[in-house]
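Close look at the chain arrangement
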Amino acid sequence: MQITPVTPDRLVDEVVALVAGWSDRVRLAIDGPPPTRPLGQARRAAAELRAQGRDAVVVAASDYLRPASVRLEFGHEDPDEFLDGWLDGAGLIREVLRPAGPDGSGRVLPRLWDAVADRAYRDRYAELRGNGVVLVAGGLMLGRDLPFDVAVHLRMSPAQLGRTLPAAKRWTLPAYERYDVERDPSGLADLLVLADHPDRPAVRR
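Residues numbered from 1 in each chain as written. Predicted model: local features only at pLDDT ≥ 70, side-chain atom pairs only at ≥ 80, totals over all residues. Heavy atoms only, no water.

1. Thoughts on the pattern of salt bridges
- For the coordinates displayed, the defined rule picks out 13 salt bridges.
- With its nearest N and O atoms 2.7 Å apart, the salt bridge here joins Asp84 to Arg183. With a gap of 99 residues between them, Asp84 in helix 4 (residues 79–84) and Arg183 in helix 7 (residues 173–183) connect regions that are remote in the sequence.
- Judged by relative accessible area, Arg183 falls into the buried class, the value being 17%. (Salt bridge = Lys/Arg side-chain N within 4 Å of Asp/Glu carboxyl O. Helix = DSSP H or I, 4+ residues; strand = E, 2+ residues; numbered from the N terminus. Buried < 20%, exposed > 50% of the residue type's maximum accessible area, 1.4 Å probe, protein only.)

Have a look at this one:
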């Protein structure tokens, strides 16, 4: 095992390199808890992919949550439900991952559900041509039978996650602990990033 410190710009290059050899559309997961900034990483990688002439659409997993009546059925702070029941995996497959697959239409819906307003977005479909890339960013996504082609996991140690999560979100810590143990995102990822300090990441090979 080798740990290589990288700059944030070099990390973008590492993510983009994962899909460089693909001639078809690619479904790329950028997975990590909020303090690791998965959405920001996805947006930076998408910008570089577009600069290279490829279509790139960023989808936030937080825009694919289930309605409040379903995800909060057992309370607002249930870590087990947070891990297993908040993400609308069926909707993500139907509207993003299946259309972005090799036999799909290429029409993906960037946002489905506004969790704050608890209603559907009225968003337009985006077209992924040829070798376009859809980058789905968020946490707790790996090991749940979502058909990603490539996955990046931004790992933060439990101690650092406990220090950096806002106090109002610390009830989610047991969910991230279960996720690490039961689903092994570090082992599933094609690129494992050590992100205790997101501005000073390192890659484990």
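2. Description of the sheet that holds strand 9 (residues 150–155)
- Across the sheet, which stays open at both edges, the seven strands sit in the order 1-11-10-9-2-8-3 with mixed pairing between neighbours. Of all strands in the sheet, those with a lone pairing partner are strand 1 (3–5) and strand 3 (56–60), marking the two edges. Neighbour-to-neighbour, the strand axes of this sheet turn through a mean angle of 20 degrees, independent of strand direction.
- Pairing analysis gives three bridges linking strand 10 (residues 191–194) to strand 11 (residues 202–204), with the strands arranged antiparallel. Across the sheet, residue Val193 finds its bridge partner in strand 11, namely Val203.
- Set on the sheet, helix 1 (residues 8–18) makes contact with strand 2 (26–31), strand 9, strand 10 and strand 11; between it and strand 10 the angle comes to about 165 degrees. (Pairing = 2+ DSSP bridges. Axes fitted to C-alpha atoms, helices over the stretch in contact; angles between N-to-C directions. Contact = heavy atoms within 4.5 Å.)

3. Focus on the packing of aromatic side chains
- A full pass over the atoms with the stated rule returns four aromatic pairs.
- Between Phe82 and Trp171 the ring centres are 5.4 Å apart and the planes differ by 70 degrees, which places this aromatic pair in the edge-to-face class. Note that Phe82 is positioned in helix 4 and Trp171 in the loop between helix 6 (158–164) and helix 7, a separation of 89 residues in sequence. When sorted by exposure, Phe82 lands in the same class as Trp171, which is buried.
- Ring geometry for Trp86 against Trp171: centres 5.9 Å apart, planes inclined by 50 degrees, an arrangement best described as tilted. Within this pair, whereas Trp86 is found in the loop between helix 4 and helix 5 (89–97), its partner Trp171 is found in the loop between helix 6 and helix 7, the two being separated by 85 residues in sequence. (Phe/Tyr/Trp six-rings, centres within 6.5 Å; stacked < 30°, edge-to-face > 60°.)

4. Overview of helix 5
- Along helix 5, seven of the nine residues are buried, which leaves the element largely enclosed by surrounding structure.
- Looking at the packing, one finds that the buried side of helix 5 touches strand 2, strand 3, strand 4 (107–108) and strand 8 (133–138).

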